[in-house]
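The residues making up each chain are set out below.
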Amino acid sequence: MTLRLPAPDGTLRTYDPRTEPLLLTPGTPFTSRTVYSAAHVVADPFADTTPDSPAAVDWDATLAFRRHLWSHGLGVAEAMDTAQRGMGLDWAGAAELIRRSAAEAKAVGGSIACGVGTDQLTGPASLAEVRTAYEEQLALVEAAGARTILMASRALAAAASGPEDYLEVYGHLLRQASEPVILHWLGPMFDPALEGYWGSSDLDAATDTFLEVIAAHPDKVDGIKVSLLDAAREIDIRRRLPQGVRCYTGDDFNYPELIAGDEQGFSHALLGIFDPLGPLAAEAVRLLDTGDRAGFRGLLDPTVALSRHLFQTPTRFYKTGVVFLAWLAGHQSHFTMVGGLQSARSLPHFARAYELADGLGLFPDPKLAEDRMKTLLALYGVPQ
């Protein structure tokens, strides 16, 4: 059936939905790259909550989605910004998510790394309080048996007076960590409160401080995740890393070329876009495992238009598109988000996301996706 989809200029255009999905089957972990999907959480649609209430999570659906990712060989990056950390999911909810997901990973043999931050701090904090908050979360993740991702901290960005404070706090945490961690540099396009992270708004100076932290503790850093949406800078950082420290791309605009790499190296992946792209991304990486670089790019390059659409400005609202696609794909029964974040994107944005995802064959049941899109259009009063 032809759908009438709204365009940003207020007009309606016609679209003929795809009738067959891509045939993508579960498979084993990869051999050439380490790949994590940052996973979203599924809200409980029947909870009587407000946007300011603690998150009400549908734990069964949330864990089922993680099993879906693991079944395709992907690792799960848990309790990251994709899970609405700091945008609907508070520390209490994140702690419960980490405990449950880590236990599920152990039960099914899935790979998991979990975000450690300072979001239990809700007001101004001293550097000592920032360290203590980080330590509390680090202890929980390590006790759960997961790898640690040291996330950027809003509280540290507010408390730090310069690069030396970042060197001190991160050095303290890395000395404490029992296993090598992943350091996460999240740019202000994802979280405006992180402007000036590493002690400077000058990215060259910030990069030098970031690399100084790693150089001082290379045995405690498994890798870094760079989320700056700047491929050239990521490549520069990647080439300056100590031997054995991995670069996990967090660039949702340029990931195919960064993962494919060049004659001097490549990036592994820790990406929010691999939540909706999970099975297709897994198929592409398996081609790369065989040395089929052209096949890898042939599968993954066409997905960039969808990713750039979901992550368009204001980038921090990309989670809304991720959850929308999970609903259309049948991974959850509703389009409700913790914090009411389903309202953060417009109907034309959803229409274009549907069109791009359907064109890629991402929906296991295209008819279900079409019916759900029709339901959304009807709710907005779009005639069919």
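Further up the page is the structure itself.
Residues numbered from 1 in each chain as written. Predicted model: local features only at pLDDT ≥ 70, side-chain atom pairs only at ≥ 80, totals over all residues. Heavy atoms only, no water.

To continue, consider the overall build of the protein chain. If you tally the helices and strands in the protein chain, you get 14 helices and 10 strands. Of all 384 residues assigned to the protein chain, the portion counted as buried reaches 57%. By sequence separation, contacts in the protein chain at least 24 residues apart represent 70% of the contacts at least 6 residues apart. Surface summary for the protein chain: the accessible area is close to 15000 Å², and the carbon and sulfur share equals 51%. Here the protein chain carries 32 positive and 48 negative side-chain charges, and the mean point of each set is 3 Å from the other. (Helix = DSSP H or I, 4+ residues; strand = E, 2+ residues; numbered from the N terminus. Buried < 20%, exposed > 50% of the residue type's maximum accessible area, 1.4 Å probe, protein only. Contact = heavy atoms within 4.5 Å. Areas by Shrake-Rupley, 256 points an atom, 1.4 Å probe, with all protein chains shown as cover. Lys, Arg positive; Asp, Glu negative; His and termini not counted. Charge placed at Lys NZ, Arg CZ, Asp CG, Glu CD.)

Turning our eyes to something else, we now look at the environment of Arg297. Along the chain, Arg297 falls in helix H10 (residues 293–300). Arg297 sits 12 residues away from Val285 along the chain, and the two C-alpha atoms are 9.5 Å apart. Residue contacts for Arg297: discarding those within four places in its chain leaves Pro256, Glu257, Ala260 and Pro302.

Overall, the coordinates contain 19 salt bridges when judged by the stated rule. Asp222 serves as the salt-bridge partner of Arg246, at 3.9 Å between the closest nitrogen and oxygen. One end of the pair, Arg246, is in strand S9 (residues 246–249); the other, Asp222, is in strand S8 (residues 221–227), with 24 residues separating them in the sequence. By relative accessible area, which is 30% here, Arg246 ends up partly exposed. Residue Asp222 is classed as buried on the basis of its relative accessible area of 10%. Here Asp262 makes a salt bridge to Arg238, at a shortest N to O gap of 3.5 Å. Placement of Asp262 in the loop between helix H8 (255–260) and strand S10 (268–271) and of Arg238 in helix H7 (residues 231–239) is noted, with a sequence separation of 24 residues between them. (Salt bridge = Lys/Arg side-chain N within 4 Å of Asp/Glu carboxyl O.)

Moving on to the sheet that holds S8. Read around the closed barrel, the eight strands follow the order S3-S4-S5-S6-S7-S8-S9-S10; overall the barrel is parallel. With strand direction ignored, the average angle separating the axes of adjacent strands in the sheet is 25 degrees. As judged from the two bridges shared by strand S6 (residues 147–150) and strand S7 (residues 181–186), these two strands associate in the parallel manner. Across the sheet, the residue bridging to Ile149 is Ile182, located in S7. Each of S7 and S8 is contacted by helix H6 (residues 203–216), which is oriented at about 170 degrees to S7, the strand it contacts most. (Pairing = 2+ DSSP bridges. Axes fitted to C-alpha atoms, helices over the stretch in contact; angles between N-to-C directions.)

This brings us to the packing of aromatic side chains. Think of a pair of aromatic rings as described by two things: how far the centres are apart, and how the planes are tilted against each other in angle. In total, this model carries 20 aromatic pairs according to the counting rule given. Between Tyr36 and Tyr248, the ring centres sit 5.9 Å apart and the planes meet at 55 degrees, which makes this aromatic pair tilted. Placement of Tyr36 in strand S3 (residues 35–38) and of Tyr248 in strand S9 is noted, with a sequence separation of 212 residues between them. Exposure class is identical for Tyr36 and Tyr248. Each is buried. Geometrically, the ring pair formed by Phe190 and Tyr318 is edge-to-face, given 6.0 Å between the ring centres and 85 degrees between the ring planes. With a gap of 128 residues between them, Phe190 in the loop between S7 and H6 and Tyr318 in helix H12 (residues 318–328) connect regions that are remote in the sequence. (Phe/Tyr/Trp six-rings, centres within 6.5 Å; stacked < 30°, edge-to-face > 60°.)

Another point: helix H14 (residues 366–379). Taking 1.5 Å of rise per residue, the 14 residues of H14 would be expected to cover 20 Å, and the 20 Å separating its terminal C-alpha atoms lies within 8% of that figure. Regarding H14, the residues found buried are Pro366, Ala369, Glu370, Arg372, Met373, Leu376 and Leu377. Buried residues of H14, seen end-on, are gathered within an arc of 165 degrees and therefore sit on one face of the element. Exposed side chains of H14 directed beyond 90 degrees from the buried face belong to Ala378 and Leu379. (Expected span 1.5 Å × (residues − 1). Arc of directions from axis to C-beta.)

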